[in-house]
Amino acid sequence: MHHPPKVAVITPTGLASNRRRYLTDLYNSLCEQDITWEWIIAPNGRRADPDRIPAAIAADPRVIICARPDPGAASARNTSLNYVTAPFVCYADDDDLLPPDSLSVRYHRALDTGLGWVAGLSADLKKNGDLHTWDCATPVGPHDAGDVWTYWHSPQDGKPPLGHTMLLTRTEIARAYAGHGGLTKGEDYVYVMSITGNSAGEVLPEVVYHYRHHRGQWTKQPTYRDRAEYDARTFAYNQGAALRQLREQSPAAFADAA
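A quick note: this is a predicted structure, and the numbers were derived from the prediction, not measured.

## Comments concerning the pattern of salt bridges
- Going through the model one piece at a time under the given rule, you end up with 11 salt bridges.
- Among the ionic pairs, Arg19 bridges to Asp94, the shortest N-O distance being 2.6 Å. Residue Arg19 is located in the loop between β1 (7-13) and α1 (20-31), and its partner Asp94 is located in the loop between β4 (88-91) and α4 (102-113); the two are separated by 75 residues in the primary sequence. We note that Arg19, like Asp94, is buried.
- A salt bridge links Arg109 to Glu202; its shortest N-O distance comes to 2.8 Å. In this pair, Arg109 is assigned in helix α4 and Glu202 in strand β9 (residues 201-212), connecting sequence segments 93 residues apart.
- With a relative accessible area of 32%, Arg109 lands in the partly exposed category.
- For Glu202, a relative accessible area of 10% gives the class buried.
- Bridged by salt links that share partners, the residues Arg19, Asp94 and Asp95 form one connected network.

## Describing the packing of helix α6 (residues 187-198) against helix α7 (residues 227-249)
- Packing of α6 against α7 brings their axes to within 9 Å, and their N-to-C directions diverge by 10 degrees. In this view, α6 runs roughly parallel relative to α7, as classed from their interaxial angle. Across the interface between the two elements, Tyr189, Val190, Met193, Ser194, Gly197 and Asn198 of α6 pack against Glu229, Ala232, Arg233, Phe235, Ala236, Gln239, Gly240, Leu243 and Arg247 of α7.

## A closer look at the nonpolar core
- One finds Val89, Trp117 and Leu162 to be the most contacted residues of the largest nonpolar core, which totals 33 residues.
- Of all elements in the fold, only β1, β2 (37-43), β4, β5 (117-125), α5 (171-176), α6 and α7 reach the threshold of two or more residues within this core.
- Counting residues per element, this core draws most heavily on α6, which supplies six residues.
- Listed in part, the 28 residues of the second largest apolar core include Val9, Ala48, Tyr107 and Val208.

## Re unusual backbone geometry
- Positive phi values are uncommon outside glycine, yet Leu15 reaches one of about 55 degrees.
- Along the chain, the position of Leu15 falls in the loop between β1 and α1.

## Looking at the packing of aromatic side chains
- Evaluation of the coordinates by the stated rule reveals five aromatic pairs.
- Their ring planes at 10 degrees and their centres at 6.1 Å tell us that Tyr27 and Trp39 sit as a pair that is stacked. In this pair, Tyr27 is assigned in helix α1 and Trp39 in strand β2, connecting sequence segments 12 residues apart. By the burial criterion, Tyr27 is buried, and Trp39 matches it.
- Aromatic pair Trp152 and Tyr237: ring centres 5.4 Å apart, planes at 85 degrees, arrangement edge-to-face. Taken together, the residues Trp152 in the loop between β7 (141-143) and β8 (167-170) and Tyr237 in helix α7 connect sequence positions 85 residues apart.
- Look at Trp152 and you get buried, because its relative accessible area is 3%.
- By relative accessible area, Tyr237 is classed as buried at 16%.
- Here the aromatic residues Trp149, Trp152 and Tyr237 are joined through ring pairs into a cluster of three or more.

Rules used in this analysis
Residues numbered from 1 in each chain as written. Predicted model: local features only at pLDDT ≥ 70, side-chain atom pairs only at ≥ 80, totals over all residues. Heavy atoms only, no water. Salt bridge = Lys/Arg side-chain N within 4 Å of Asp/Glu carboxyl O. Helix = DSSP H or I, 4+ residues; strand = E, 2+ residues; numbered from the N terminus. Buried < 20%, exposed > 50% of the residue type's maximum accessible area, 1.4 Å probe, protein only. Axes fitted to C-alpha atoms, helices over the stretch in contact; angles between N-to-C directions. Parallel < 35°, antiparallel > 145°, perpendicular 65-115°, else oblique. Contact = heavy atoms within 4.5 Å. Core = buried A, V, L, I, M, F, W, Y, C linked by side-chain atoms within 4.5 Å. Phe/Tyr/Trp six-rings, centres within 6.5 Å; stacked < 30°, edge-to-face > 60°.

Structure below.
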């Protein structure tokens, strides 16, 4: 008998043949976590047949499968929130890994502080197994709502200064601020600006996410950085700027959210 989950993990996946083994690796890393969890897997795209999910994963009662035939990670990530029962939620891509204390270190810190979000650091996982901690632009330590945006100098500088998979968020906050938007690319940028722009949080010094490097990475393809991706970055940047400006102009209106 499983105890109620403390954290939900949401993973959209196209169930591509070259990534299915990575999904099993992610499952194994979840099984090594030291607090209870639920895993919402969202196969998305017309070729993402849920029957292709490895049998051991599909049979685990902690796993919820919600197929989304229409393509798009944003839609899959957002509607997966409908199935979350845990008080906290985070996201993991189907080709990445979580170190054993990934969920617990963020969860316990969030409980102790009452913050809306807690993030840890991310490390690049090389093909040879080496780990290299990403140089996160947002400093370790506490951050008021809207502060994370200040470390993103312009959309031309690249991605936001905090990765969305680094965040553990109170479920009601993830729902309240519209999740990942509705973009075809860069929807995670919107999520970071929404969560950190509306609630206070903290970045921990511990690595909580292993970002796998491999040839099949969508974001590493030469066609990824196109106009749609740049527009997504600009949208998220402007969103963060607007949230911070509104908070400064009308602090009383945001008092409860902070």
